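A closer look at the structure
Residues per chain, in single letters:
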Amino acid sequence: MSEPLTELAKRRGFYFQSSDAYGGASGFYTYGPQGAALKRNVIDAWRERFITQEGHMEIDAPTVMGEPVFEASGHLDTFDDMIIECPACERSFRADHLVEDETTIEDAEAMSFEAIEETIAENELSCPSCGNSLADVAVSAFNLMFETNIGPGSSAPGYLRPETAQGIFVEFPQLKEYARNQLPFGVAQVGRAYRNEISPRRSIVRVREFTQAELELFIDPERDTPSIDRVQNVTVPLYSATAQEGDGEVVRMTIGDAVEDELVEEWIAYYLAIAAEWYESVGIDMERFRYRQHRPDELSHYASDTWDAEVSVDGNWIELTGFAYRGAYDLTKHDDYSNEEYTIFRQYDEPVTVEEPSVDPEMSVLGPEYGSDAGKIADELASLAESDPDAFDAESVTVTVDGDAYTIATDVANFSRTATKNGEHITPHVVEPSFGVDRLLYTILAHNYREDEVEGERRRSLSLPSSIAPTTVGVFPLMTKDGLDDRARELARKLRVAGFTVTYDDSGQIGRRYRRQDEIGTPFCVTVDHESLEDDTVTVRERDTMAQERVPVDALEDYLTERT
RNA sequence: GCGCUGGUGGUCUAGUGGUAGGACAUGAGCUUCCCAAGCUCAUAGCCCGGGUUCAAUUCCCGGCCAGCGCACCA
């Protein structure tokens with residue numbers, strides 16, 4: 001499997017088990033110097049493509065939020081699983097799924113623990129695995145969210161966010177101001193999220209603390225369309241839901257055709273296109289890459305179309321990114337649960353006049369005249385305008401408050417049969433590409449890991465793209481004498497000033513130093529030798545081909561810039 | 001969470017009821033060399049807790065961690 005990679009990752013400082021000195025903590029990893037640099041470079045590349053080039057904005061929200069946020073988002077329910085464990089075979093199952101599968105109840109998730117237990121007992125449900133009766137077996141809770149308390153005591157429970165997205169949705173009312181109330185606009189966030197996974201697996205592929213890079217694009221579903229024309233010729237490998245059900249296979253087709261055939265929702269399609277190009281640029285092997293559509297049974301209840309970017313590593317497909325059309329779900333929920341409005345005012349091209357009888361009573365008349373009844377009279381006038389607008393054709397109208405009839409002059413009521421509307425409030429729809437950064441790093445390492453033989457010796461290297469390699473250039477003196485090391489140190493300093501990530505190494509034989517850099521994916525090594533002292537040139541050695549080239553020191557910066 | 005297998009320097013590993021040996025890597029020195037050469041020296045290890053025992057890294061129990069399967073997750 002991938003032991004050589006895990007071994008290399010630890011030995012060379014990409015990532016390793018966290019707090020090993022205390023026995024380790026399952027599902028937590030520390031990125032070492034190389035890993036942290038690689039991660040930073042990949043995230044920077046992501047920002048450049050998905051934020052800067054798209055003209056979106058980035059925010060940085062807290063990782064802890066209060067319970068009401070997750071009540072609204074649905075995570076408190078959907079991440080709180082009801083588990084039942086069979087006493088005979090000790091397998092555990094989702095109790096709510098069991099009830100849904102075996103009875104006519106369709107929404108067992110909304111039931112209480114007691115109700116689930118009763119239902120299981122009444123229907124004499126048994127273990128799907130061994131058939132043992134599950135009646136009178138207790139249902140226990142397992143919440144995937146890490147819980148904490150905000151402030152002293154337990155009156156204000158909070159949770160570590162299970163996804164970065166809610167930090168964006170929650171702040172929508174403020175964020176829309178920064179977008180000057182104009183759709184579409186995109187808000188991105190790169191940050192940590194936490195899930196108390198039952199069993200973390202496969203080193204950094206499934207962990208309890210991970211980094212997400214998410215983009216939430218807010219659109220007007222009726223007016224906004226993506227620039228498909230700019231990406232229509234991008235070819236992507238699509239594994240559709242229907243293909244998955246039959247014997248279908250991955251089909252390579254252009255984004256233009258995929259949208260034309262209505263295989264992929266057009267906004268999703270746009271992101272599939274730019275993401276495919278981006279994945280390739282950071283070193284994903286596109287021969288081991290596909291976009292897989294969620295089948296209807298795995299779609300989230302709010303998503304109408306979702307595609308995952310998946311890669312094959314060691315023969316297993318792992319998910320890198322989810323591209324989901326989330327509709328109005330998230331904003332509608334927060335609109336309902338909070339005190340704010342999660343809508344955008346969509347202005348009409350032309351103001352429209354609509355039939356909408358209304359009154360605007362002169363309270364400066366009604367108030368002095370009727371005292372404390374004035375408010376109620378105004379309310380009654382409003383109802384009357386709705387129920388019988390024609391009544392206002394007369395000189396006066398009569399309304400009844402608490403059994404007393406009041407006759408009000410029509411012009412005091414300020415009746416109007418029509419209203420002018422300049423627009424309406426709409427709830428934007430959300431398109432969400434959500435990247436798992438740790439899995440991406442794992443894949444980049446796995447897809448670029450090379451083993452070959454050079455003169456009988458095994459050579460291991462990471463063929464990372466220069467743009468994301470932790471170190472860009474290694475600078476070595478051929479020998480530590482005749483001032484070669486001083487010259488090399490000076491060159492290293494100069495290149496650092498020029499903005500390159502440089503490592504200096506004069507330890508041991510030159511070949512050993514090349515190999516060290518090969519293992520951490522450094523694309524270039526520069527060697528200062530005796531010739532350098534005479535004509536100010538150096539040897540540049542390229543990682544993948546091991547080819548060497550003589551380059552004047554003056555031209556070195558340009559040489560490296562062109563190739564990174 | 002359940003099951004199986006495992007846990008010895010930074011890495012890979014040998015071995016043992018009387019507290020450990022190698023290789024690689026790393027550091028210093030010699031060598032001064034364009035792809036892990038050689039020599040000398042050095043640094044560094046039995047996952048944690050309990051039990052049995054005169055004595056446990058070794059045997060037993062529990063835990064932690066890892067890989068895999070189931071389940072869970074996307």
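Presented here is a report on the structure given in the accompanying data block. This is a predicted model, so every value here is computed, not measured. Sequence order sets the numbering: in each chain, residues are counted from 1 along the sequence as written. Chains carry letters from A onward and ligands carry numbers from 1 onward, assigned in written order. Given that this is a predicted model, residues contribute local features only at a pLDDT of at least 70 and side-chain atom pairs are listed and counted only at 80 or more, while totals for whole chains, interfaces and linings are drawn from all residues. Only hydrogens and water are set aside when side-chain values are computed; all heavy atoms of the structure are taken into account.

It is possible for side chains bearing opposite charge to pair when their charged atoms get close. Just to be clear on terms, a salt bridge is a Lys or Arg side-chain nitrogen sitting within 4 Å of an Asp or Glu carboxyl oxygen. Counted according to the given criterion, the structure contains 35 salt bridges. Across the pair Lys376 and Asp402 runs a salt bridge whose closest N-O atoms are separated by 3.5 Å. Of this pair, Lys376 sits in helix H15 (residues 374-387) while Asp402 sits in the loop between strand E18 (396-401) and strand E19 (404-409), placing them 26 residues apart in sequence. Members of the salt-bridge network, linked through shared partners, are Glu7, Arg11, Arg12, Arg460 and Glu519. Each helix is a run of DSSP H or I of at least 4 residues and each strand a run of E of at least 2, with the numbering of both proceeding from the N terminus.

In this section: the nonpolar core. Where a protein is soluble and globular, its nonpolar side chains tend to be buried together. To form a nonpolar core, buried Ala, Val, Leu, Ile, Met, Phe, Trp, Tyr and Cys residues must be joined to one another through side-chain atoms within 4.5 Å. Only protein chains enter the accessibility calculation, which uses a 1.4 Å probe; a residue is then buried when its area is under 20% of its type maximum, exposed when over 50%, and partly exposed in between. Ranked by internal contacts, the top residues of the largest apolar core, which has 69 residues, are Trp46, Tyr279, Ile284 and Tyr291. The element contributing the most residues to this core is helix H12 (residues 266-281), with 12 residues. The residues contacting Ile284, other than those within four sequence positions of it, are Tyr279, Phe289, Val311, Leu320, Leu440, Thr443, Ile444 and His447. Counting residues in hydrophobic clusters, the runner-up holds 19 residues, among them Val502, Val538, Val551 and Leu556. Contacts are assigned to residue pairs with any non-hydrogen atoms lying within 4.5 Å of each other.

Let's shift gears to the layout of surface pockets. Empty space left among the atoms is revealed by rolling a probe the size of a water molecule over them. Buriedness of a pocket was judged along seven lines, with at least five required to meet protein on both sides within 12 Å; pockets are open sets of points on a 1 Å grid over the protein atoms alone, cavities are sets where a 1.4 Å probe fits but cannot get out, and lining residues have an atom within 4 Å of a point. Grid points are joined across faces, edges and corners, and a volume is the space filled by probe spheres set on the points. By volume, the largest pocket is sized at about 1300 Å³. As for the largest pocket, its lining consists of 46 residues, of which Phe79, Arg195, Ser300, Tyr302 and Glu319 are closest to the centre. Residue assignment for the lining of the largest pocket shows that the elements contributing at least two residues are helix H4 (75-78), strand E11 (209-219), strand E15 (305-313), strand E16 (316-327), helix H13 (329-337), strand E21 (429-436) and helix H17 (437-448). At six residues, E16 tops the list of elements feeding residues into the lining of the largest pocket. Think of it as three bins: nonpolar holds Ala, Val, Leu, Ile, Met, Phe, Trp, Tyr, Cys and Pro, charged holds Asp, Glu, Lys and Arg, and polar takes everything else, Gly as well. Of the residues contributing to the lining of the largest pocket, the split by class is 14 nonpolar, 15 polar and 17 charged.

Moving on, we get to the packing of aromatic side chains. Here is the rule: rings of Phe, Tyr and Trp (six-membered ring for Trp) pair when centre to centre is within 6.5 Å. Planes less than 30 degrees apart are stacked, more than 60 are edge-to-face, and the remainder are tilted. This structure, assessed with the given rule, holds 21 aromatic pairs. For the ring pair Trp46 and Phe50, a centre distance of 5.4 Å and an interplane angle of 25° mean the geometry is stacked. Of the two residues, Trp46 and Phe50 are both situated in helix H2 (residues 33-52); the distance of four residues between them amounts to about one turn of the helix. By relative accessible area, Trp46 is classed as buried at 2%.

Looking now at the pairing of strand E10 (residues 185-194). The buried count for E10 comes to nine of 10 residues, which makes it a mostly enclosed element. Pairs of strands are assigned from DSSP output, requiring at least two bridges between the strands. Pairing of strand E3 (residues 57-58) with E10 involves two bridges; the strand directions are parallel. Looking at the pairing, Met57 lines up with Val187 of E10. Summarising the sheet, E10 and E11 pair through 10 bridges and their orientation is antiparallel.

For every element, the axis is a line fit to its C-alpha atoms; helices are fit only across the contacting stretch, and the angle between N-to-C directions ranges from 0 to 180 degrees. Direction vectors running N to C along helix H18 (residues 484-497) and helix H21 (residues 553-562) enclose 40°, while the axes themselves pass 11 Å from each other. Between H18 and H21, the angle falls in the class oblique. For H18 against H21, the interelement crossing comes out right-handed. Here Leu491, Lys494 and Leu495 of H18 come into contact with H21, specifically with Val553, Leu556, Glu557 and Leu560. Across the contact of H18 with H21, the residue classes tally to five nonpolar, no polar and two charged. Throughout, the term roughly parallel applies to angles under 35 degrees, roughly antiparallel to angles over 145, roughly perpendicular to angles from 65 to 115, and oblique to all others. By definition, any crossing whose near helix is turned counterclockwise from its far helix by less than a right angle is left-handed, and any crossing with a clockwise turn is right-handed.

On to the protein's contact with RNA strand B, then. One heavy atom within 4 Å of a molecule or strand makes the whole residue count as near it. Not every one of the 51 residues close to RNA strand B is listed here, only the nearest: Lys10, Arg94, Met479, Arg516 and Asp529. Here the atoms of RNA strand B within 4 Å of the protein split so that 57% fall in sugar or phosphate, with bases taking the remainder. Contacts described as polar in this section are N or O atom pairs within 3.5 Å, which, within protein, must combine one atom able to donate a hydrogen with one able to accept it, while residues neighboring in sequence count only if both atoms come from side chains. Residue Ser26 places a side-chain N or O atom 3.0 Å away from a phosphate oxygen belonging to RNA strand B. Side-chain polar atom of Gln548 to a base oxygen of RNA strand B: 2.8 Å apart, as the coordinates give it. Mapped onto the surface near RNA strand B, the elements with two or more residues apiece are helix H1 (3-11), strand E5 (80-85), strand E6 (92-94), strand E23 (457-462), helix H19 (510-519), strand E27 (537-542) and strand E28 (548-552).

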